[in-house]
Amino acid sequence: KGSLVVVGTGIQTVGHITPEAIAWIKWADTVLYLVADLVAENAILKIKPDAQTLEHLYEKNKPRYLTYRQMMNRMIDSVRNGNRTCVALYGHPGVFAYPAHAAIRKLREEGYEARMLPGVSAEDCLFADLNVDPATYGCQSYEATHFVLTRRRPDTSASLILWQPDSFGHVLSSLDVRQSAIAVLAEYLAKFYSLEHRLCIYEAPMYIGCAPRMDWVKLGEFTQAKLTPASTLYFPPAEVAPMDHALAQSLGLPSMAQV
Ligand code: SAM
């Protein structure tokens, strides 16, 4: 009977892929993959020479939902055809990976074994490189376009992470209006943060021996910054969250000032 395991290759594949993920890739009858760089692709092909990429399903002017549906169907069909199927996706395979989650849900409904293994995501790398603990102030994490379209109000006393800033507004507009789309993002953020507030344009290194990109820029200068498909934005808190000292005392907890 067919089954599905979705594994992550991490951001820096050679260093991040787990022995467990490698074992599943080796053991599978069929391996499908979607990764961000050639080193990652070569690493997978070295483990499983007949692994098949899903990359070609992305096509210019093809609606993204159609691509995702086709990816999901490839995974599901492979399992229904009786294959032990392993899908390898870069980073954590469950972070920004709609087709994998949808395929797992559908296959489980049909009585197949389907599961996902965690991997190292860009956010995990960010916590390590920027020396940020999400527990200290709390941490919000949004896809940039979704954040603005759904008019989210960030808690400025917690950290804020925005994914996919480079493709902000692409769902709505063409590439040549990218700069004005980024201005829309900056303008929205300026409702909550001062133009002097510094954010970090973060890019985790994909190759061993390379340094991360950690460019701190003022929000007021953000529209001039160069963004790439590997950019993630990190906003440190702009203020301290007020503490309910009376409640802390009644619970017998020290107030934050004493911790
Ligand atoms: N599954 C991936 C993960 O676990 O990190 C996320 C893939 S998502 C489709 C693409 C977004 O991930 C990018 O727009 C960016 O925000 C972030 N990303 C991907 N590679 C990155 C890197 N090397 N450094 C920082 N962020 C990265």
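Residues numbered from 1 in each chain as written. Predicted model: local features only at pLDDT ≥ 70, side-chain atom pairs only at ≥ 80, totals over all residues. Heavy atoms only, no water.

Draft legend 1. Just the site of the ligand, in detail. Around the ligand, 17 residues are found, and the nearest of them are His92, Val95, Ala122, Ala204 and Thr232. Interatomic distance of 2.9 Å between a backbone N/O atom of Val95 and a nitrogen atom of the ligand. Here a nitrogen atom of the ligand sits 2.7 Å away from a polar atom, N or O, in the main chain of Ala204. Starting from 570 Å² of accessible surface for the ligand in isolation, the protein chains cover 91%. (Near = heavy atom within 4 Å. Polar contact = N/O pair within 3.5 Å; in protein donor to acceptor, adjacent residues only side chain to side chain. Areas by Shrake-Rupley, 256 points an atom, 1.4 Å probe, with all protein chains shown as cover.)

Draft legend 2. Structural detail: the packing of aromatic side chains. Summed over the entire model, instances satisfying the criterion amount to eight aromatic pairs. With a centroid separation of 4.8 Å and an interplanar angle of 35°, the aromatic rings of Phe96 and Trp163 are classed as tilted. You can see Phe96 sitting in the loop between strand E4 (84–89) and helix H5 (98–109) and its partner Trp163 sitting in strand E7 (residues 159–163), a full 67 residues away along the chain. Accessibility expressed as a relative area gives 44% for Phe96, which makes it partly exposed. In this structure an aromatic cluster arises from ring pairing among Tyr142, Phe147, Tyr188 and Phe192. For the cation-ring pair, Lys1 lies above Tyr112, with the distance from its terminal atom to the ring centre recorded as 5.1 Å. When the ring centre of Trp27 is taken as reference, the NZ or CZ atom of Arg84 above it lies at 3.8 Å. (Phe/Tyr/Trp six-rings, centres within 6.5 Å; stacked < 30°, edge-to-face > 60°. Helix = DSSP H or I, 4+ residues; strand = E, 2+ residues; numbered from the N terminus. Buried < 20%, exposed > 50% of the residue type's maximum accessible area, 1.4 Å probe, protein only. Lys NZ or Arg CZ within 6 Å of the ring centre and 35° of its normal.)

Draft legend 3. Just the pairing of strand E10 (residues 232–235), in detail. Residues Thr232 and Tyr234 line one face of E10 and the alternating positions Leu233 and Phe235 line the opposite face, and both faces are buried. Sheet topology places E7 next to E10; three bridges connect them, and they run antiparallel. Within E10, the position partnered with Leu160 by the bridge is Phe235. Sheet topology places strand E8 (residues 198–203) next to E10; three bridges connect them, and they run antiparallel. Its bridge partner lying in E10, Cys200 is registered against Tyr234. (Pairing = 2+ DSSP bridges.)

Draft legend 4. Main features of the sheet that holds strand E2 (residues 30–34). Taking strand neighbours across the sheet as the criterion, the five strands line up as E3-E2-E4-E1-E5 in an open arrangement whose pairing is parallel. The open sheet is flanked by strand E3 (52–53) and strand E5 (113–116), the only strands paired with a single partner. The pairing of strand E1 (residues 3–8) with E4 spans six bridges and is classified as parallel. Within the sheet, the bridge partner assigned to Val6 lies in E4 and is Val87. Packing against the sheet, helix H2 (residues 19–27) makes contact with E1, E2, E4 and E5, and its axis sits at approximately 140° to E1. Against the sheet, H5 makes contact with E1, E4 and E5, and its axis sits at roughly 155° relative to E5, the strand it touches most. (Contact = heavy atoms within 4.5 Å. Axes fitted to C-alpha atoms, helices over the stretch in contact; angles between N-to-C directions.)

Draft legend 5. Fine view of the packing of helix H4 (residues 64–80) against H5. The contact between H4 and H5 brings their axes to 8 Å, and the two run at 40°. Taken together, the axis directions place H4 and H5 in an arrangement best described as oblique. For the element pair H4 and H5, the recorded crossing hand is right-handed. Judged by residue contacts, Tyr68, Met71, Met72, Met75, Ile76, Val79 and Arg80 of H4 engage Tyr98, Pro99, Ala100, Ala102, Ala103, Lys106 and Leu107 from H5. Here the contact of H4 with H5 is built from residues that sort into 12 nonpolar, no polar and two charged. (Parallel < 35°, antiparallel > 145°, perpendicular 65-115°, else oblique. Left-handed = near helix turned anticlockwise from the far one by under 90°. Nonpolar A, V, L, I, M, F, W, Y, C, P; charged D, E, K, R; others polar.)

Draft legend 6. Spotlight on the environment of Ala190. Mapped onto the fold, Ala190 is located in the loop between helix H9 (178–189) and E8. Sequence-wise, Ala190 and Ala51 are 139 residues apart; in three dimensions their C-alpha atoms are separated by 46 Å. Once you skip the residues sitting within four places of it in the chain, Ala190 turns out to touch Leu195 and Leu219.

Draft legend 7. The environment of Thr85, seen in detail. Its location among the elements puts Thr85 in strand E4. The exposure class of Thr85 is buried, given its relative accessible area of 2%. In sequence terms Thr85 and Gly252 are 167 residues apart; their C-alpha atoms lie 53 Å from each other. Apart from the residues lying within four places of it in its own chain, the contact partners of Thr85 are Ser3, Leu4, Val5, Ala28, Thr30, Leu32, Ser78 and Val79. Here the side chain of Thr85 touches Ser78 through a polar contact of 2.6 Å, side chain to side chain. For Thr85, the side chain forms a polar contact with the main-chain oxygen of Asn83, separated by 3.1 Å.

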